[in-house]
Amino acid sequence: MKEKVAVLMGGQSLEREVSLSSGRRVCDALEAAGHKVLPLDVTSELVSTLRSERPDVVYIALHGKYGEDGTVQELLEFLGIPYTGPGVIASALAWDKALCKRLFVAEGVPTPAWVTFTADAFKQMGAATALDMVPAAVGGFPVAVKPAKQGSALGLSKVDDAGGLAEALLTALSYGDAAIVEKWIEGRELAVSVLDDPDGPRVLPPVEMVPKSGLFDFSAMYTAGETDYYVPARLSSEEEAQVVALAARVHALLGCEHVSRVDMVLGRDGLPNVLEVNTSPGMTETSLLPMAAAAVGIDFQELVEHLIRSTLDAGA
Ligand SMILES: Nc1ncnc2c1ncn2[C@@H]1O[C@H](COP(=O)(O)OP(=O)(O)O)[C@@H](O)[C@H]1O
Ligand SMILES: [Mg+2]
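Residues numbered from 1 in each chain as written. Chains lettered and ligands numbered in written order. Predicted model: local features only at pLDDT ≥ 70, side-chain atom pairs only at ≥ 80, totals over all residues. Heavy atoms only, no water.

Visitor: I'd like a rundown of the nonpolar core, residues and numbers included.
Guide: Grouped together as the largest cluster of nonpolar side chains are 34 residues, with contacts concentrated most on Val7, Val26, Leu30, Tyr59, Met283 and Val304. If you list the elements that add at least two residues to this core, you get strand S1 (4-9), helix H1 (16-32), strand S3 (57-60), strand S8 (187-197), strand S10 (207-211), helix H9 (218-222), helix H11 (288-295) and helix H12 (300-315). Looking at this core element by element, the count peaks at 6 residues for H12. Residues from two domains meet in this core; each of domain 1 (4-84) and domain 2 (93-109 + 185-315) gives at least three. Judged by nonpolar contacts, the second largest core, of 22 residues, contains Leu190, Val250, Leu254 and Val274. (Core = buried A, V, L, I, M, F, W, Y, C linked by side-chain atoms within 4.5 Å. Buried < 20%, exposed > 50% of the residue type's maximum accessible area, 1.4 Å probe, protein only. Helix = DSSP H or I, 4+ residues; strand = E, 2+ residues; numbered from the N terminus. Domains from an automatic or database assignment.)

Visitor: Describe the environment of arginine 234, with residues and values.
Guide: Residue placement: arginine 234 occurs in the loop between strand S11 (227-230) and helix H10 (237-254). Separated by 46 residues in sequence, arginine 234 and arginine 188 place their C-alpha atoms 9.1 Å apart. The contact partners of arginine 234, leaving out residues within four places of it in the chain, are Arg188, Glu208, Val210 and Glu239. Polar side-chain contacts of arginine 234 include one of 2.8 Å to the side chain of glutamate 208. (Contact = heavy atoms within 4.5 Å. Polar contact = N/O pair within 3.5 Å; in protein donor to acceptor, adjacent residues only side chain to side chain.)

Visitor: For the site of ligand 1, give the residues involved together with the corresponding values.
Guide: Around ligand 1 there are 17 residues in total, and Lys97, Lys146, Ala153, Glu182 and Glu189 lie nearest to it. The contact in question runs from an oxygen atom of ligand 1 to an N or O atom on the side chain of lysine 97, over 2.7 Å. Within the side chain of aspartate 263, one N or O atom sits 3.5 Å away from an oxygen atom of ligand 1. When ligand 1 is considered free in solution it has 530 Å² of accessible area, and contact with the protein chains removes 96% of it. Elements with a minimum of two residues in the shell around ligand 1: strand S5 (143-147), strand S7 (178-183) and strand S13 (272-278). Looking at the shell around ligand 1 residue by residue, the classes come out as 7 nonpolar, 3 polar and 7 charged. If you count residues domain by domain, the shell around ligand 1 takes at least three from each of domain 2 (93-109 + 185-315) and domain 3 (114-183). (Near = heavy atom within 4 Å. Areas by Shrake-Rupley, 256 points an atom, 1.4 Å probe, with all protein chains shown as cover. Nonpolar A, V, L, I, M, F, W, Y, C, P; charged D, E, K, R; others polar.)

Visitor: With reference to specific residues and values, describe the packing of helix H2 (residues 46-53) against helix H3 (residues 71-79).
Guide: Here H2 crosses H3 at 35 degrees, and the two axes come no closer than 11 Å. The handedness of the crossing between H2 and H3 comes out as right-handed. Two secondary-structure elements touch here, H2 through Val47, Leu50 and Arg51 and H3 through Leu75, Leu76 and Leu79. (Axes fitted to C-alpha atoms, helices over the stretch in contact; angles between N-to-C directions. Left-handed = near helix turned anticlockwise from the far one by under 90°.)

Visitor: Residue-level account of unusual backbone geometry, with values.
Guide: A negative phi holds for most residues other than glycine; trans holds for most peptide bonds. Proline 142 follows phenylalanine 141 through a cis peptide bond whose omega is -5 degrees. In this fold, proline 142 is placed in the loop between helix H7 (134-138) and S5. The step from valine 231 to proline 232 runs through a cis peptide bond, and the omega angle for that step is -5 degrees. Structurally, proline 232 is set in the loop between S11 and H10. Phi is positive for arginine 54, close to 45 degrees, though the residue is something other than glycine. One can find arginine 54 in the loop between H2 and S3. Overall, arginine 54 belongs to the exposed group, its relative accessible area being 66%. One non-glycine residue with positive phi stands out, namely histidine 258, at about 70 degrees. Relative to the elements of secondary structure, histidine 258 occurs in the loop between H10 and strand S12 (259-267). Classification of histidine 258 by relative accessible area gives buried; the value is 7%.

Right under this line is the structure:
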């Protein structure tokens, strides 16, 4: 059966352009599959448009705040429209790296040592006077400093010594109300996607990213040719089994539905460290979930169709 599918894209998050490019590709794929497609940029008209158009399902191609943090998911549940991707709780948890890492530690999921600071802790509680304690707390330099709630490596710095810490924190806090200082893990960077099949979650082949600049930043993520990708990743069978099992565990731990992408670094000691979970993985030309799916013979159109189908089947 061919459905009426609204594709939510754009919006006002800092990842607007990335979302528009994910969204356009998703719309093309849905049209090619014969669906009636309603591309919707997120504006103050969204709710009234959804109420009058009454799509059968919403494909969430939004990235970043409000699209990935549970906000739009909560709204769609209220409106009674099924949507692709994880629900409100999983989205909110994955979006908040500081909270998610607490859950990882509580559940024995390996994640780099870190400290979280809120802007209020600096402004109202004098947290700046304790920055000298940070290196010991996370196991020394280098460290990653990043906003707790952001994506696409926005606001991320790699800091090599104490001199760079305050400025990197200011940068990260200019993107949101909390920042993380995390031990930098040297090693192989992996993105491990999980797709729900009718008989349970299926982990797709890990993708390995090797940015030519050495840093997997915004430009390395979205500019063709700036990063080399290996699909499947260059892993021994033991390493692969380990990261695949870890991704499945994290997907289940957060209660993700339909899809997730777990970002990790496999340290030089051969041990994986989970950095974060994405509940609305990119669908652009250079995105990792479509690459992983292609490696097992699922082309872009089938991937999008799979997500629509599992959303509708779940609601049936
Ligand atoms: N602790 C870390 N060790 C090594 N690399 C890191 C670390 N934290 C972030 N990075 C690098 O920064 C990129 C973005 O960080 P990530 O935690 O995935 O946040 P997001 O993708 O949401 O911006 C990662 O893909 C990785 O290249
Ligand atoms: Mg990431």
